[in-house]
Amino acid sequence: MKSQALQDLVKKIFGDEKTKAQFLKDPETVLAKFALTEQERQAVLKTHARLGLVNSNSPQLEAAIDPTSEWFAPVHR
């Protein structure tokens, strides 16, 4: 899952308080703004439901992000 859209989504959620609040209120609306694959969309929703995607101080999220750190790697095209 190394898509630019997924990287853009995560950066936007963590870097913009307004987007973070909107994601907490209605994740689907935020996800619709990004060209995610269905697999990426489901992964984001599943991670958010299990761990609270935007709760960056969560130890569970920290542990889950490590294996998905490739999300944050630059995409070379």
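Data block above holds the structure.
These remarks concern the structure in this document. (Residues numbered from 1 in each chain as written. Predicted model: local features only at pLDDT ≥ 70, side-chain atom pairs only at ≥ 80, totals over all residues. Heavy atoms only, no water.)

**With respect to helix H2 (residues 17–25)**
Looking only at H2, the buried set comprises Thr-19, Lys-20 and Phe-23. Buried residues of H2, viewed axially, fall in a sector of 100°; they line one side. Exposed side chains of H2 directed beyond 90 degrees from the buried face belong to Glu-17, Lys-18 and Lys-25. (Buried < 20%, exposed > 50% of the residue type's maximum accessible area, 1.4 Å probe, protein only. Helix = DSSP H or I, 4+ residues; strand = E, 2+ residues; numbered from the N terminus. Arc of directions from axis to C-beta.)

**Quick notes on helix H1 (residues 4–15)**
Taking 1.5 Å of rise per residue, twelve residues should cover 16 Å, and H1 covers 16 Å from first to last C-alpha, within 8% of that figure. Taken residue by residue, H1 has Ala-5, Leu-6, Gln-7, Leu-9, Val-10 and Ile-13 as its buried positions. (Expected span 1.5 Å × (residues − 1).)

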